[in-house]
Amino acid sequence: MNILFSPIGGTDPVSKSFLDEEKKETAYTDGSMLHILRYYPIDKIYLYMSKEILDNENNDYRYTKSINNLCEKLSKKIEIAEIIKRPELTEVQEYDYFYEDFTKELRRIYDIESKNLEQSQSSQEHEEIKIYLNISSGTPAMKSALLVIQHLGEHDYIPVQVSTPVKKINKEISKYPYEKYTYNNSDDNQDKYYRKNSDNKWIITKGTDEEPKIKFSDENPKGRCQEVKCDSLIDMKYIEIIKKFINIYEYDSALIASKEIKSNRKNKFINQIEIGKYRLLLQLDEVDKKLNEQNIENKKFYKIIGNNKEKEIIEYFLTLKIKVEKCQYADFIRALSPLIQSLFEAIINSKLKISINNDFCSKDKNGKIVWDINKMSLSEKGRELYKILTERNKNRHQELQFVTAGQLQKIIDRKISDKQVKNIAKKLRKIEYDIRHETAHTIISVTDEIIEKKTGHKSTEILNSLLKTIKIAGIKISKEQINSYKRMNEEILRLISEN
């Protein structure tokens, strides 16, 4: 089902073109609405008329009569489904009015035709509704509104533009009576309009059945019609969408939106967005791989420079910072434990010169890090740690399996004399204990207020404690690194904005 939605303008149904202004040579040609009907297989048309246009139609039926004449001559069947009347509409330059009114009417038309198609017994099983938009008739506000609706609307409308025969402005002749350029009342020839209309250059041929057949002398199968794609406008729309996604760290969504960009412009920034995606997922090997493959300059914008363990801790901390910015509090709380445990390990390594994983742990058959009792028994430090970890426990060996933040906090409390270190470790461990278990094992909505109620600290305060602990652990983290994602996003946005 092919449907045309057409505002009617001053150059409908026919217009006057000056072929040679010096010689005063003119030609009458189809207006945009009529030309689309001539060259497109339209089944139904919805006409949109303002007060002036509606007065013309009521006076001499010029628009509907032209459509009927065209159908008769070309043996077409085009139903005038509805004249959408706006008798109060005199301010025809108000864009906002047309955007809202056209959107409403097009939605209504789609619903009507969808129901008609469902109820039709003769319709094909896979027949679809195509709505064409005449973006060459009407005022500039009407044309602009339709073009924007095509890009932002809920359906895939097809905008059709009709050029003038001489690629110049047509002369508006709608102020003249219909008969002046269609019928000659002094003779009986009712086809004068078609003889005067230059678009009616058909050739009568005869087939084998001797029936007259019509074909057009115009070599272009769509005449002066052209379907408007406006790729640049589409690109502009998606560029703005991508920028918004970047600013809220939605790199995956930005990549999806990037696929809609038609031009090669996306090649300037799509790899950088992909790096942002991998970075937020903590797939740091993929980040390095992408940076090297694409030979991307300014690598410092896209990752933390440093040794692996310190880099991992800082990158993990930055993801928690983003979760707080995005108010993803449940994810923030669930993600605390790995960082707290890594920070406690880093503190023990920095202050006691003990590498827990390397010195006193090994991997089980599943690749998990577990305490290794044999390793611990080989040194005085190991035996001392074992005693600290197993005191007050009757079944000592059963207790020491997986390494936990609670165990590491006990070591810090017993072996490190610095009260600041003891207090910060105790504080973080209590925060983890107070809220993490409930959020990890209970269906609960987590807000910043709930975090404060359970722990006595807001999420930003917890972040500050984590940042302080990073520094206590001997990990150098600069203000530039803390704002690393912001700097990366600014760099990506700069690349996007370059034209």
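Scroll up to find the structure.
Calculation notes
- Residues numbered from 1 in each chain as written.
- Predicted model: local features only at pLDDT ≥ 70, side-chain atom pairs only at ≥ 80, totals over all residues.
- Heavy atoms only, no water.
- Helix = DSSP H or I, 4+ residues; strand = E, 2+ residues; numbered from the N terminus.
- Buried < 20%, exposed > 50% of the residue type's maximum accessible area, 1.4 Å probe, protein only.
- Contact = heavy atoms within 4.5 Å.
- Areas by Shrake-Rupley, 256 points an atom, 1.4 Å probe, with all protein chains shown as cover.
- Core = buried A, V, L, I, M, F, W, Y, C linked by side-chain atoms within 4.5 Å.
- Pairing = 2+ DSSP bridges.
- Polar contact = N/O pair within 3.5 Å; in protein donor to acceptor, adjacent residues only side chain to side chain.
- Salt bridge = Lys/Arg side-chain N within 4 Å of Asp/Glu carboxyl O.
- Axes fitted to C-alpha atoms, helices over the stretch in contact; angles between N-to-C directions.
- Parallel < 35°, antiparallel > 145°, perpendicular 65-115°, else oblique.
- Left-handed = near helix turned anticlockwise from the far one by under 90°.
- Nonpolar A, V, L, I, M, F, W, Y, C, P; charged D, E, K, R; others polar.

**Q** Just checking my understanding: could you explain the overall build of the protein for this structure?
**A** If you tally the helices and strands in the protein, you get 23 helices and 12 strands. Within the protein, buried positions represent 45% of all 499 residues. For the protein, restricting intrachain contacts to residue pairs at least 6 apart in sequence, the fraction spanning at least 24 positions comes to 67%. Working note: accessible area of the protein is about 27400 Å², and carbon and sulfur atoms make up 46% of it.

**Q** How do you make sense of the nonpolar core when you look at a structure like this?
**A** General note: in soluble globular proteins, nonpolar side chains tend to be found buried as a group. Grouped together as the largest cluster of nonpolar side chains are 84 residues, with contacts concentrated most on W371 and L466. In terms of residues, this core owes the most to one element, helix α13 (residues 336–352), which gives nine residues. Setting aside its immediate chain neighbours within four residues, L466 contacts F317, L320, L336, L339, I340, L343 and L428. Listed in part, the 25 residues of the second largest apolar core include L34, I67, L74 and Y132.

**Q** Teacher, can you tell me more about the pairing of strand β6 (residues 130–134) here?
**A** On a regular strand, each side chain points to the face opposite its neighbour's, so the side chains alternate between the two faces of the sheet. Counting buried positions along β6 yields four of five residues, so the element is predominantly enclosed. The pairing of strand β1 (residues 2–7) with β6 spans four bridges and is parallel. Along β6, the bridge assignment pairs L4 with Y132. Of the strand pairs in this sheet, β6 and strand β7 (residues 158–162) are connected by three bridges, and their pairing is parallel. Within the sheet, the bridge partner assigned to Y132 lies in β7 and is I158.

**Q** Looking at this structure, how should I read the side chain of S136?
**A** Considering the arrangement of structural elements, one finds S136 in the loop between β6 and α5 (140–152). With a relative accessible area of 12%, S136 lands in the buried category. Among the polar contacts made by the side chain of S136, one reaches the main-chain amide nitrogen of V162 at a distance of 2.8 Å. The residues contacting S136, other than those within four sequence positions of it, are S32, K143, V160, Q161 and V162.

**Q** What is the right way to look at unusual backbone geometry in this model?
**A** Note on backbone geometry: most residues besides glycine have negative phi, and most peptide bonds are trans. Of the consecutive residues D12 and P13, the connecting peptide bond is found in the cis state with omega at 0°. Tracing the backbone through its elements, the reader meets P13 in the loop between β1 and β2 (14–20). Backbone geometry places C327, a non-glycine residue, at a positive phi of 60°. The residue C327 is located in the loop between α11 (308–325) and α12 (329–334) in this model. Backbone geometry at K353 places phi at a positive 55°, although glycine is not the residue there. Take K353: its relative accessible area is 63%, and that puts it in the exposed class.

**Q** Looking at this model, I keep getting lost on the pattern of salt bridges. Mind explaining?
**A** Opposite charge on two side chains permits pairing when their charged atoms draw close. Applying the stated rule across the entire model yields 24 salt bridges. The shortest N-O distance in the salt bridge between K44 and E113 comes to 2.9 Å. One end of the pair, K44, is in strand β4 (residues 44–49); the other, E113, is in helix α4 (residues 95–119), with 69 residues separating them in the sequence. Both residues of the pair, K44 and E113, belong to the buried class. Through salt bridges with shared partners, a single ionic network connects E82, R86, D101, K104, E105 and R108.

**Q** When you look at the environment of K65 in this model, what are you seeing that I'm missing?
**A** For K65, the location among the structural elements is in helix α3 (residues 62–74). For K65, a relative accessible area of 26% gives the class partly exposed. Taking the C-alpha atoms as reference points, K65 and P13, separated by 52 residues in sequence, lie 9.4 Å from one another.

**Q** Would you mind going over the side chain of S465 with me for this structure?
**A** As for its placement among the helices and strands, S465 is situated in helix α21 (residues 459–472). We classify S465 as buried; its relative accessible area is 4%. At 3.0 Å, the side chain of S465 and the side chain of K427 are in polar contact.

**Q** Where do I start with the packing of helix α9 (residues 270–280) against helix α10 (residues 284–293) in this structure?
**A** When two helices pack together, their arrangement is given by the angle between the helix axes and the distance between those axes. Relative orientation of the contacting elements α9 and α10 amounts to 160°, with a least axis distance of 8 Å. The angle between α9 and α10 places the two elements in the roughly antiparallel class. As for the relative orientation of α9 and α10, their crossing is left-handed in sense. For the pair formed by α9 and α10, the contact residues are N271, E274, I275, Y278 and R279 on the first element and L284, E286, V287, K290 and L291 on the second. A per-class count over the contact of α9 with α10 returns five nonpolar, one polar and four charged.

These results come straight from atomic positions and should not be treated as a statement about function.
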